[in-house]
Each structure stands twice: as C-alpha cells, then as structure tokens.
Amino acid sequence: MTYAAKNLIDGHELIAFRIGDQEFCVNIMSVREIRGWTPATPMPHAPPHVLGVINLRGAVLPIIDMSQRLGMKRTEPTVRHVIIVAQVGPATVGLLVDAVSDILTITDENIQPTPDIANETEKAYARGILAIEGRMICLIDLGVLFPHIESEAA
Amino acid sequence: MDMNEIKEIFFQECEEQLAELESGLLKLNDGDRDPETVNAVFRAVHSIKGGAGAFGLDDLVSFAHVFETTLDCVRSNKLEPTQDVLKVMLKSADVLADLTNAARDGGSVDEARSRTLIRELEALAHGETHAAEPAAPKPVAAAPKPSEPAPVVAKPDVNDEGFQPIPFSFGDFDEEPAAKYVPTCQIIFRPNRELYAKGNEAVLLLRDLSRLGEMSVYCDMDRLPPLDKMNPEEAYFSWKVSVTTDKGEDGVRSVFEFAEWDCELDVRTIEEEIVGEAADDDEPPMQAVPFDLSLLEDGPAASGEEEPVVNESDTAAAIAAADTASKVAQVASRAAENAKAAAAAATAAQANQASAAGQTIRVDLDRVDRLINLVGELVINQAMLSQSVVENDNNGVSSINMGLEELQQLTREIQDSVMAIRAQPVKPVFQRMARTVREIADITGKSVRLITEGENTEVDKTVIDKLAEPLTHMIRNAVDHGLEMPEKREALGKNPEGTVRLTAKHRSGRIVIELADDGAGINREKVRQKAIDNDLIAADANLSDEEIDNLIFHAGFSTADKVSDLSGRGVGMDVVKRSIQALGGRISISSKPGQGSVFTMSLPLTLAVLDGMVVTVAGQTLVVPLTAIVETLQPEASAIHSFGASQRLISIRNSFCPLVDVGRILNFRSTQANPIDGVALLVESEGGGQRALMVDAIQGQRQVVIKSLEANYTHVPGIAAATILGDGRVALILDVDAVVAASRGQPLRQDISLAATG
C-alpha cells in the first residue's frame, strides 16, 4: 500500500460506483452531491470524454464520461445514469457513471496494491484495489485523472 | 483586526481623501472661493498626515506637513489661491498620491520632484510667491488675453466678493470671543430615581457645577406630592441652573457625565429669547451676560445696535460685560471678517447636513458579487419555472400564472437594484484624467483645460476599473497629438489654452463617454499617406472621410512626426479600441479639420450581463454578443461565390465578405453547411474587417447572465463564456474575434484539456 493511498482514504469512507461490469470508488470527502443525468451542452474542441457542460444551480459544470476517461467504451447516457458531482482541487466536475452502488467504510488493511499487470494508464489513476464481499473495487485518484485542475490549484 | 487590516483601511481612506483633495483644488482652480472648499482640502491633507503619522510613514508625514502648512496660509487668507499657487498645489496632490501608493505597495517616488515641491510650498507659505514663480511655469498667465474668462485672471489681492483679504487667523478668532464674552448655560436637571439608586447625589453634581463659574440655582418642587402620597424612594425635585462659564456646554455636560443616563438633562447656551423670558418670569435674576453673536454677524449694521449691548451689560454689571464693552469697538471693526466666518460656519453646517443625508457602508466586493450571482440564479430559475408552468398548463389564466408574473416583476426589480450596488460614479476615473492632463500639459508645454461633465454617471465597477487605461491613452493622444502648441493656436485665432472635454452620460441602457478636443482634428491626408505607406490600404483606394478617420484604429498607426515620451509608442488607438471592445463596447471618431476630434465610446453598464442574439448552430444553441453584430441577412444563392478550394464569399451591396461557418469552425459538424439554409450575421471584429458568420437560425434576442467556463473547466477556444437559458440548459457565448481569427487560417487550438494525460 502506498503512502498516497493512505492519504486518500483518510476519511475511511468511500463511494463506490459502477461502470459497465466494473466497480470503482472515490473518497467520499471529494463528493459534493449525486444527481440524475440531464442533457449536457457539447463543447467545441473538447476531448471525447468531455460530454459537455450542464447548469448546476448557476455554475457551469463540465461532465466527464468516466467510462471513456478510464479507457473503456463510450457511454450513451440515459435517465438511469448518474452524475457524481466531485470537487477536484478548486474546480467542481460531474462524473457520469452507470450507478452508485455503495458507501464503504474501510480500514487501511483492506486496500491492496494495484497488481503489476496493469498498463500505465490504469496504474496512474488506480491507487489500489479493495476486496469487499467477493467484489473487486478499484480506488481512483481523481487528482491524477484531472491533473490540470490540480496544477491550477497549486 | 490586526495592524495590516487597519493600515488597509487607512489607505482606502487615503484614496477618498486624495479624491476629495483633488476635487477641492480643482474647484478652487475654477474660481471657487468658498472657505468650506479650502477647509475640505485642508482636512483631507490633515487626515492623511494624521493617519500616516500613526503608521510611521515618515516621508508621507513630512510632505503632508509642508503641504498642510501652505494650505493653512490659504485657509487663513495669508495666501491668495491664484492659478500659480494652485498649480503647485495640484502637483503636490499628485506627489502626495504617489507617496501614498509608494507607502502601500512599496516602490519609490521621484524624490527630486517632491523636494522641489516642498521648496515651492515652503516658499509659498512664507509669502515668497514671486520667488517661487520661476519654478512654477505659467505659459498662459504670461500672455493673458483680455477676453479671457474671469477666474483665470484672479487678481492677486481682491477676491470675487470684493473683500480686501485682511491677514487673519482662525486660531486667534477662536480664542478672542471666549475672552471677551463668557457664555451662560441654562441647565435643566431632573434626576430620575435611578440616579439616587446608583448612589449619585444631586447636591454633589450641583456643587461640581458651581465650580465651573458663577451659578444660580432654582429648585423646582412642583412635582412634590403631599406627604401622605410621597414615595420616599422617588425623585421629585428638578433644578434650573444657570451658570456663567467659559467651559461651554461640553464642560457642563462633563459634570453630568456619569449621571447622564439617569436624569433628564437639558443644557443650552442662553440666547436672546431666554433673556426676554427672564425679564417677565419669576425666575431668580441671572448673572448672565446675554451677548448675542448675531449682532456681530450683521456686519456694519452692528454698530447701530451697539447701545443695547452696552445697556444690557450695565444692568448685568458683570465683569464679563465690562470686558465686552471694552471690546465692542474692536468687534465692530472685525465685523466683516466675522460675517465671513459666520458664512463659513453656515456652509459647514450645510455640508455636514449633506454628508449626513447619504449614509454609506463599506462592503466587501465579494459579498456583493455573491449576491449578484444568486440573483442571477433566481432570474434563471424563475424563467425555468414559468416555462414549465406554461408547458403544463393549457388553460392560460390560472392563479399560478398571475403569481408567476408578479414573481417575474419582483425578480427583475431585485436584479436591477442589486446591479445598482455595483454601480459607481465615473468620477474617480475622471479625476485621474485631470492629473494625466496636467502632467502631459507640463511635458509638452501646452496649456490645457480639462472640462468634465456627468462625473456622477454610474456604471459597473468592473467597467470603471477597466476604463482608466484606454481613457488615459486617449487623453494623452488628445493633448499630445490633438491640441496645437499655444503659439500656433493663437496664430489660428483660437484660445491659446486648449480644451479637452470629457463627458459621460447614459443612453439607452449604455454609458456613453465622449472625449472631445478643440485641436487640429485629424489630418486626413497624412493618415491616408501613412496608411498607404504601411500597406493598410491601396494607394488608389477611394475612402470616405469617416473611413480615413477610422484608419487610426489600425495596429501600428501613429501620425505624430516624432515619437514622444507620452504617446505614439506604436501601441496606439488599436489598443484602445481592443480594450473598449473587450468591455463589450464600441468606439468611433468624428473629426473636423481645425476644430478638433470627438471620440465616442459606448459601453455596457455592466459586465455581468450581456445583450446577445440567441442562434442555433448544428443543433446547438449559441449566444452571439449583440455588440459585435453589424447586421443580419438571409443569403441568396446568387450572392454566394466560391473562392479557392474551400473559401466562400458573400456579396453584400457589391462588396465581398468572407463567409465563416460557425458550426464548422467550432467542430460541431464536419462538412460545411449550405449557406442558403441559414442566416448570415455580419460582424465586425478586432482587426476591423467584416465577416459573415453563418448560423442555422436566429432564435431571438435576449439579455443573458455571463457565467465563467474557466471556473470548473478550462478556456475553450472560440467560446468567450457560458450562460444559462430559460430552459435551464447551458448555452455558450461565441467569441467572435477568435472565430474570425480562426477563419483567417489560425485554427482554434485547445491549449490544455482534460485529456492532458489521456
């Protein structure tokens, strides 16, 4: 287990969500709210995983297709999809996922290091994996996924 | 609150004081001789000095001190505020501002300049006006024309009212009346029972009072009930006291300092009517010497009333009265000054009233902005709500609809009044321009008079902050290039003193700022030649006067023969135009040879909202800022001409204009749309060139609240900002300049994206 992972789960509570047949989780402290899908306004010249922007009570919120961002297939958003509004550095982003599955309370011992087989992309964002009730949940570092926001904060 | 915060407040106040100082000096410069103006100026410098002393800002203190001393001479009429004196003072105000800024932000000040000014100020203070003159250049006063306006030729020793200024110090005046006349205070003192309950004793208070001066006491026992009804713990007595004291009302009140809350206390300095009252009243005879100040204020007329004063003094037979009588003659001779002083006091009172009328609070700008944002939300939310009600309600007239209409009106009003909080008068910017004019006039050796109008026109603070720079630039241009040298002006039969007029006014929801000079106007031949030299226009181009005038807004254009320190560094009017456009404004020029030029700027009142045209492009809703749009038109097939491989031109009234497909540029669609299906928006961009932007349809025109995209995302090329429309969805606001630039072959580029690590 890495030092960063320890830091990341300081709160020891994680929100788990589903994308396709995989489960991921992020620190609950970075999650602001969870809301249903609303159509986003596409942005010109945006990378493919940026679906566009929506109006979050007056703030312009970019929506990220997590599936595409994590290197999986493109999501066709429906009303069943969920947006996790998360704080990354000074900015707020909306993460489009299939569903929120769980709130996990864990201890450091539950986190296993990322297996060596993963390629660079996965290794960069994955901070470790959790084995909970036979499920495998990947712990994500949002700061790595959206580095420019982090660097602006610095 | 730590020291730094207090210091910050001090500097904020300094700014206000400096503004006050400058406006006061300018008023004096315009011939205002109101003592209150002088006092205001004096007060401003004095407050800065006081505050600076508290923070140990020695440079500031020492300069302010010299300045203050000189102003004191003006205040006490030892020094006549002539144009030359004021010139030195205005410069001193500038240096004072510099010193204040240096104290706040660090940095250095031109020490030689402040030393010279200190010397000049000291010279003025010592009455060596003439010795100081060489140091204060005065190109106009050297050859004043007889037809010049009066204020300019203010005579050295007789002011507007025709008074001979007699050297006279306010300080002396304050003391003298106190010596020759001891006022009598009438005190009504009615203790409550709490006074006794707290261990105070009326007798002790009265005894203290008697130490102030000669005193008479009358005890009012009217409220004393019959013995059987008397409550031993109640307070029934009250006293009427008259005391002759030089401590004044304040001295009397200080005796009651600790009892004030537990008694009814009425302290008055006795005026005439009380004397009259005393005559037929059964009150005990007073030792008072009623001495009416108004007699003094009546000027020469006072001599007629001299006798009654003396008579009264006789009856009173008080020492004070004897004093008075002996000084009456003196008093009469000073009547004129007294009248002046009285007038000063009256204006002071008026000024105080005026300032009390408009109370203000200092609020952090962030808080206001948050409120503005929230109100923006409210407006959007209200629009969404009414839209969904309309969709779900087919009856049309329901009580919900009526309620919604009222809500709409309310939200509009709230929005307007919240916007008004941010609105500030343009005065501070205009005042800064006064300084700019002075400095340039000095350097160029021209004589310039700046006239400002409509300084109280209000506009959003962000607009004001961004206005200063282009305005400074334009003023510099106007003085440096626009106005001729005094000799040349005289030769042309103009007033050697040039005039620059700065006007602000509201016009149809925008603020219009006009800068007019009475200089030579634009030399069209020269501009044209220069444009040809710089390959801006073809040598044989046939341009209208207006088109030639507007050439000066092109980049790298300067008609002045020599590049001066002030303007004409190559960054010229194009920079001005760009910064005005960045504010969502427009600028235009009209010029008459020999009569001067007028620059007109039209700016939005706020940057938080924008008038936009809502359009559809490739199924997406976009907002195009209305300020950029010149006209809209429906292209016909015959007007579209292909040019090269992919370019298309549209002919508008026999001129060809490149057609730009917005959807293609923004990557909303991969192929060019058919122009005939859409609408063309003719826009004017930064470079001055016109482009026809192709959109699919126009939805309408509306005011939108500007939302930042950068806050949560990054800058998007081709997009200026975002907004939220009535349906609650985000719409993007088109960056017209960027789109036009992209059409010139500089593709829109995403600098950093969320895909950075992809």
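Sequence order as written defines residue numbering, which begins from 1 separately in each chain. Here every chain gets a letter starting at A, and every ligand a number starting at 1, in the order they are written. Selection of residues for local features in this predicted model requires a pLDDT of at least 70, selection of side-chain atom pairs for listing and counting requires 80 or more, and totals for whole chains, interfaces and linings are taken over all residues.

## What about the overall build of chain B?
Thought 1: Put simply, DSSP H or I for four residues or longer makes a helix, DSSP E for two residues or longer makes a strand, and each gets a number counted from the N terminus. Within chain B, the regular secondary structure consists of 25 helices and 22 strands.
Thought 2: As a rule, residues whose C-beta atom has 12 or fewer other C-beta atoms within 10 Å are exposed, those with 20 or more are buried, and those in between are partly exposed; C-beta atoms are placed from the backbone. Across the 758 residues that make up chain B, the buried fraction comes to 31%.
Thought 3: Whether two residues are in contact is decided by their C-beta atoms, placed from the backbone, lying within 7 Å. In chain B, of all internal contacts separated by at least 6 residues, the share reaching a separation of at least 24 is 69%.

## A short note on the overall build of chain A
Thought 1: For chain A, the helix and strand inventory stands at five helices and 11 strands.
Thought 2: Per-residue burial over chain A gives 40% buried out of 154 residues.
Thought 3: Taking contacts inside chain A between residues at least 6 apart in sequence as the whole, the part at least 24 apart equals 56%.

## Some words on the confidence of the model for chain A
Thought 1: For every residue, the predictor states its confidence as a pLDDT score lying anywhere from 0 to 100. Confidence in the prediction of chain A, expressed as mean pLDDT, is 81, and 86% of residues score 70 or more.
Thought 2: Confidence over residues 150–154 of chain A falls short of pLDDT 50; this stretch has seven contacts with residues more than four positions distant or in other chains.

## Examining the packing of helix H1 (residues 3–29) of chain B against helix H18 (residues 427–444) of chain B
Residues and elements named next belong to chain B.
Thought 1: What counts as an axis is a line fitted to C-alpha atoms, over the stretch in contact for a helix, and the angles between N-to-C directions run from 0 to 180 degrees. Running from N to C, H1 and H18 point in directions that differ by 60 degrees, and their axes come no closer than 11 Å. Taken as axis vectors, H1 and H18 run oblique relative to one another. The way H1 lies across H18 gives a crossing that is left-handed. Here Ala 19, Glu 22, Ser 23 and Leu 26 of H1 come into contact with H18, specifically with Pro 428, Gln 431 and Ala 434.
Thought 2: Polar here means any residue outside two lists: the nonpolar Ala, Val, Leu, Ile, Met, Phe, Trp, Tyr, Cys and Pro, and the charged Asp, Glu, Lys and Arg; Gly therefore counts as polar. When its residues are assigned to classes, the contact of H1 with H18 shows four nonpolar, two polar and one charged. Our angle categories are set so that under 35 degrees counts as roughly parallel, over 145 as roughly antiparallel, 65 to 115 as roughly perpendicular, and the remainder as oblique. Take the far helix as your reference; a near helix turned counterclockwise from it by less than a right angle gives a left-handed crossing, and one turned clockwise gives a right-handed crossing.

## So, the sheet that holds strand S15 (residues 640–643) of chain B
All names here are of chain B.
Thought 1: Pairing between two strands requires that DSSP report at least two bridges joining them. Reading across from one edge, S14-S18-S19-S17-S16-S15 is the order of the six strands in this open sheet, with mixed pairing throughout. Edge positions in the sheet fall to strand S14 (629–633) and S15, since each has one partner strand and no second. When strand polarity is set aside, the average angle formed by the axes of neighbouring strands in this sheet is 35 degrees.
Thought 2: Sheet topology note: the strand S16 (residues 647–652)/strand S17 (residues 655–661) ladder contains four bridges and is antiparallel. When the sheet's bridge partners are listed, Ile 652 is paired in S17 with Ser 655.
Thought 3: Sheet contacts for helix H25 (residues 736–743): S17, strand S18 (679–684) and strand S19 (690–695); angle to S17, the most-contacted strand, approximately 105 degrees.

## Quick word on the sheet that holds strand S2 (residues 22–27) of chain A
Residues and elements named next belong to chain A.
Thought 1: On the basis of which strands lie adjacent, the open sheet formed by six strands has the order S8-S1-S2-S11-S10-S9 and mixed pairing. Either end of the sheet is taken by a strand with one partner, and the two such strands are strand S8 (99–105) and strand S9 (111–112).
Thought 2: Taken together, the six bridges between strand S1 (residues 13–19) and S8 define a ladder with antiparallel strand orientation. Bridge pairing in S8 places Ala 16 opposite Asp 102.

## Side note on H25 of chain B
Residue and element names in this part refer to chain B.
Thought 1: Those residues of H25 that sit buried are Val 736, Val 739, Val 740, Ala 742 and Ser 743. Relative to the axis of H25, the buried residues are bounded by an arc of 160 degrees and lie together on one face.
Thought 2: For H25, the secondary structure elements touched by its buried residues are strand S13 (620–625), S17, helix H24 (662–665), S18, S19 and strand S22 (730–734). This arc is taken over the directions from the axis of the helix to the C-beta atoms.

## A look at the interface of chain B and chain A
Thought 1: On the chain A side, the residues contacting the 33 residues of chain B number 26 residues.
Thought 2: Listed by contribution, the elements that provide at least two residues to the side of chain B that touches chain A are helix H16 (365–392), strand S21 (719–724) and S22 of chain B.
Thought 3: It is H16 of chain B that contributes the most residues to the side of chain B that touches chain A, four residues altogether.
Thought 4: The residue makeup of the side of chain B that touches chain A, split by class, is 19 nonpolar, 11 polar and three charged.

## Description of the nonpolar core
Looking at soluble globular proteins, one finds that nonpolar side chains tend to be buried together.
Thought 1: One finds Val 53 and Ile 140 of chain A together with Val 662, Leu 693 and Leu 734 of chain B to be the most contacted residues of the largest nonpolar core, which totals 89 residues.
Thought 2: Once residues lying within four places of it in the same chain are set aside, the contact partners of Leu 693 of chain B are Val 660, Val 662, Ala 680, Leu 681, Val 683 and Val 739 of chain B.
Thought 3: Residues enter a nonpolar core if they are buried, belong to Ala, Val, Leu, Ile, Met, Phe, Trp, Tyr or Cys, and are joined to the set through C-beta atoms within 7 Å. Core analysis: the next-biggest nonpolar cluster, separate from the first, contains 41 residues, Ile 440, Leu 515, Ile 580 and Ile 587 of chain B among them.

## Brief notes about the pairing of S13 of chain B
Residue and element names in this part refer to chain B.
Thought 1: Counting buried residues in S13 gives five out of six residues, a clear majority hidden from the surface.
Thought 2: In this sheet, S13 lies alongside strand S12 (residues 609–617) in antiparallel orientation, the contact comprising six bridges. Within S13, the residue paired with Val 615 across the bridge is Leu 622.
Thought 3: Here S13 runs beside S22; their pairing, made up of two bridges, is parallel. Paired with Val 623 across the two strands is Ile 733, which belongs to S22.

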